[in-house]
Amino acid sequence: MMWYGCGQQQMLFNLLALVIFMSFPSCTPKLQSHDPECHYDIDTLWTKEVGTSAFASTPLITDVNSDGFLDIVAATFTEEVTVIEGKSGQPIPGSYWPFSLQDSSFHASPIQYDYNKDGKMDICLCTSNGEIVFFESHGTLMYGETLKVPNLAVERYWYNKELSYNYRNIRDVILKSYIPDQPCAESLTNPQEDPLWSRHHGDCHAGLILNGQYVSIDSHILSTPVIADLNNDGVTEELIVTVTYYFDGEFYSIPENLQKLHLSQDELDNYVASSIVVFNLTSKSVMMQIPLDLSKGSSKFPAYALFTPTVVDLDSNNGPLEILLGTSSGHLYVLNSDGSIRNGFPKLVGPIHGQVTVEDINKDGRLEIIITDTNVNVICVTVEGQNLWDMPLSGSSSAGSRVADINADGILDVVIATNNGNVWVLRGDSGEVLPGWPKRLMSKLLPKNVLISQLKTDRKHLDIVIPTHDGNLQVLSGDGKCSDIIQLGEQSLVQVLAADLVPGSPGLELLVSTSDGTLMCLHTSTDISHPERSILHYWPAETISYNGFTFWNAKVGVMVSDVTKSLKHVTGTSFPLEFDILDDHIAKKTWNSYTIKVKIGNEVLYKETFSQPGHYQRSIPCPNQPIRSTVKVDMTNQHGQLFQDTFPMSFNMSIQYELKWLLLFPFLSMVCLLLLLHGYPTVNLLPMTQQTKQK
């Protein structure tokens, strides 16, 4: 089944989720254990059908309404967006979810941001057609607040020129951003109009030939954006979006749509490009549109950009952040915060379809960049672009990598799943394949990242969880000795998530998003030895943060104490915060730093930089207005890596209720006094108007 206006996105979705792995031979069963010690006790708690199409992106697990319980924000590939309770799978009482965005499709996962500056986190969702919409937590669409990624104008006959893969040469044939005409933009302010502008490409002149010399190519968002303080000015307001530009063949197969382009059907293939677009969410404007690659659609290495950008401080000096992105053309781009290209980049490798992993993989105090191309060449480079090691693997991969100390030997490892059914574990400091790996599973794998967790806490090693093509869930022990299969009966095209969705029950829950639009909540028997540290075992989104690729097993991060989380309600001008900064990965340097920010929405209540991990207590000022919201405690280290703990809290809400009674009491007293003095009036005391009916 195809959806109107989504033809090429559906093609890309199928390419990523189905075509790639079907080109490889079936796997021979290699790893299966019937040892009772290898059994993982995992049961289904609930299932919920939230749409009629597959999940092309992972949901988001978060406390949407600040009630202390985790919720699930999910968008299936077409139209439907919903929020349900994590503990039951049922809709949130009193909300307006689900919401249907007609003729839309979603490759991007939901993210959160306080867009209307009311101290509460809103939900941001990007459609495949380049629109960015915002919802309040209860499910109301913010009409008139839709942002649109501008199109890209390139020379009409650029492909007749001699263009090498040189960044400057490609920019020579790009004119500038092309923003639709004002009449189209004005329709956004009318809530009676369709809230998503440029819904119909031709209405906003998408693809219009400018002066006969340039062609404006339609913009598409095929991955989840990130929100960060890119320029390190203290305000988290930059929305960083990976954009691919092309003409949707399905939409332009309609003659009247194609006629507006002044291009033939065959010419549509000549225009595929990619860029990074940065919005300022405070001014609601485009800060930068940075073009990257340009190609024909039929090129052997077309210029698609298919995954989330990575944002981190490669200089490790608590400064502005850099943007890292790989493209299908095989380029690794590293952009400075002002949009310029970092020295030593772009770096040419094989086609990159996955997110770029960044971590201090060898404990030298500096970050390393790990690239996985579709030919499964795993390359580790320095922040200057110099190769440290590379390791060719078998099969193909389109999802990137994860990092963890799988075998508990004190050295970080790189974990990659390939579509031929192999799970690889590479030693992080050398790239060597660990003894006993790869493990071949019972089935082929769809292009996705593995989930790393610890499902048996009586053992030191970690566990690897990944759905397989045959509709099962495969669990591997980190020591390579155990494997177990949990039958799901449904395929999953995206990564499994983990969180404590059912408070009060021991262990974490796994969230599986299936290819028929169903969410499955699976309960594990994990007995976390330190319940207050369970937040550090969560994997609530595709990537934990805009640069979180590593499962630290409660060894690195920030943890708010149960004493603080038990407060729930605060009255006064401040509240006590008790927290721990954890870092068992400290390199032997003297310049480690940990910046703590306590936030309500976008408002920073408190900020301080610490030089050492440890236990700390601080007094935090309350917000100026009475509010119930989620308090976020963010920790960033010198690399700009983000760690977070959250908890709900209401501030001075009792005072607000008391003020209502204080205002009501004088009024009631006066009414009672008048009744005592004058009795109940026989005539109306207030002026009245009477309407007469004319015949």
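Remember, it's a predicted structure, so these values are computed and weren't measured experimentally.

1. Examining the overall build of the chain
- Helix and strand content of the chain: 6 helices and 46 strands.
- Counting all 695 residues of the chain, 60% fall into the buried class.
- Here the chain has roughly 28,400 Å² of accessible surface; of this, 52% comes from carbon and sulfur atoms.

2. Remarks on the pattern of salt bridges
- Inspection of the entire model under this criterion finds 10 salt bridges.
- We note a salt bridge from R342 to E322, for which the minimum N-O separation is 4.0 Å. In this pair, R342 is assigned in the loop between β21 (331-335) and β22 (347-348) and E322 in strand β20 (residues 322-326), connecting sequence segments 20 residues apart.
- Judged by its relative accessible area of 4%, E322 falls in the buried class.
- Here D645 ties to K565 by a salt bridge, and the two come within 3.2 Å at their closest N and O atoms. With D645 in strand β46 (residues 642-651) and K565 in helix α5 (residues 562-565), the pair connects residues that are 80 residues apart, well separated along the chain.
- Residue class for D645 comes out buried when judged on its relative accessible area of 0%.
- Here the residues in one salt-bridge network are D315, E322 and R342, joined through shared partners.

3. A few points about the nonpolar core
- Counting 56 residues, the largest nonpolar core has I72, I464, L510 and L519 as the members making the most contacts within it.
- Ranked by residues supplied to this core, first place goes to strand β37 (residues 518-524) with 4 residues.
- Look past the residues within four positions of L519 in its chain and what remains in contact with it is W46, T47, K48, V50, F55, P59, I72, A74, I84, L511, V512 and S513.

4. Brief notes about the sheet that holds strand β7 (residues 122-126)
- The 4 strands lie next to each other as β6-β7-β8-β9, forming an open sheet whose pairing is antiparallel. Either end of the sheet is taken by a strand with one partner, and the two such strands are β6 (111-113) and β9 (147-148).
- Where strand β8 (residues 131-135) lies against β9, 2 bridges are found, and the strand directions are antiparallel. Note that in β9 the partner of I132 across the bridge is L147.

5. Re the pairing of strand β26 (residues 387-392)
- Examined bridge by bridge, strand β25 (residues 377-381) and β26 share 5 bridges and lie antiparallel to one another. Residue pairing for β26: I379 is matched across the bridge by D390.
- Between β25 and β26, which pair antiparallel and follow one another directly, the connecting turn spans 5 residues, one of which, G385, has a positive phi of 95 degrees.

6. Digging into the packing of aromatic side chains
- Scanning the entire structure with this criterion turns up 14 aromatic pairs.
- Ring geometry for Y115 versus F134: centroids 3.7 Å apart, planes at 10 degrees, classification stacked. One end of the pair, Y115, is in the loop between β6 and β7; the other, F134, is in strand β8, with 19 residues separating them in the sequence.
- The ring of F69 is capped by K87, whose NZ or CZ atom sits 3.9 Å from the centre of that ring.

7. Thoughts on the sheet that holds β25
- If you trace the 4 strands from one edge of the open sheet to the other, you get β23-β24-β25-β26, paired in antiparallel fashion. With one partner strand each, in any of the chains shown, β23 (357-359) and β26 form the two edges of the open sheet. Each adjacent strand pair in this sheet contributes to an overall mean axis angle of 15 degrees, direction not counted.
- Pairing geometry for β23 and strand β24 (residues 368-372), over 3 bridges, is antiparallel. The partner of T357 across the bridge, within β24, is I370.

8. Details of the state of the cysteines
- Applying the stated criterion to the full structure yields 1 disulfide.
- Two residues, C38 and C482, share a disulfide whose sulfurs are 2.0 Å apart. Between C38 and C482, the disulfide has an S-S torsion of -55 degrees and is therefore left-handed. With a gap of 444 residues between them, C38 in the loop between α1 (7-22) and β1 (42-49) and C482 in the loop between β33 (472-477) and β34 (483-487) connect regions that are remote in the sequence.
- Judged by relative accessible area, which is 6%, C482 ranks as buried.

9. Describing the environment of L501
- Mapped onto the elements, L501 comes out in the loop between β35 (497-499) and β36 (509-513).
- You can call L501 buried: its relative accessible area is 1%.
- With 429 residues separating them in the primary sequence, L501 and I72 have C-alpha atoms 9.1 Å apart.
- The residues contacting L501, other than those within four sequence positions of it, are I61, L70, I72, G86, K87, E509 and C521.

10. Focus on the environment of F69
- Here F69 shows up in the loop between β2 (60-62) and β3 (71-75).
- On the basis of relative accessibility, which here comes to 32%, the residue F69 falls in the partly exposed class.
- Between the C-alpha atom of F69 and that of V502, which follows or precedes it by 433 residues, the distance is 8.1 Å.
- Contact partners of F69, with chain neighbours within four places excluded, come to D63, K87 and P503.

11. A closer look at a nonpolar patch on the surface
- Side chains of M670, L673 and L677 sit close together on the surface and give an oily, nonpolar patch of about 310 Å² of accessible area.
- With respect to the helices, strands and loops of the structure, M670 is situated in helix α6 (residues 653-678).
- Judged by relative accessible area, M670 falls into the partly exposed class, the value being 46%.

12. Some details on unusual backbone geometry
- A cis amide bond links W97 with the next residue in sequence, P98, at an omega value of 0 degrees.
- On the secondary structure map, P98 appears in the loop between β4 (78-85) and β5 (99-105).
- We note that K117 has phi near 60 degrees; this positive angle belongs to a residue other than glycine.
- Position of K117 among the secondary structure elements: in the loop between β6 and β7.
- With relative accessibility at 43%, the residue K117 sits in the partly exposed group.
- Located in the positive-phi region is K568, a residue other than glycine, with phi close to 65 degrees.
- Tracing the chain through its elements places K568 in the loop between α5 and β40 (569-570).

Parameters and conventions
- Residues numbered from 1 in each chain as written.
- Predicted model: local features only at pLDDT ≥ 70, side-chain atom pairs only at ≥ 80, totals over all residues.
- Heavy atoms only, no water.
- Helix = DSSP H or I, 4+ residues; strand = E, 2+ residues; numbered from the N terminus.
- Buried < 20%, exposed > 50% of the residue type's maximum accessible area, 1.4 Å probe, protein only.
- Areas by Shrake-Rupley, 256 points an atom, 1.4 Å probe, with all protein chains shown as cover.
- Salt bridge = Lys/Arg side-chain N within 4 Å of Asp/Glu carboxyl O.
- Core = buried A, V, L, I, M, F, W, Y, C linked by side-chain atoms within 4.5 Å.
- Contact = heavy atoms within 4.5 Å.
- Pairing = 2+ DSSP bridges.
- Phe/Tyr/Trp six-rings, centres within 6.5 Å; stacked < 30°, edge-to-face > 60°.
- Lys NZ or Arg CZ within 6 Å of the ring centre and 35° of its normal.
- Axes fitted to C-alpha atoms, helices over the stretch in contact; angles between N-to-C directions.
- Disulfide = S-S within 2.5 Å.
- Patch = residues over 30% accessible without salt bridge, like charges linked within 9 Å, V, L, I, M, F, W, Y side chains within 5 Å.

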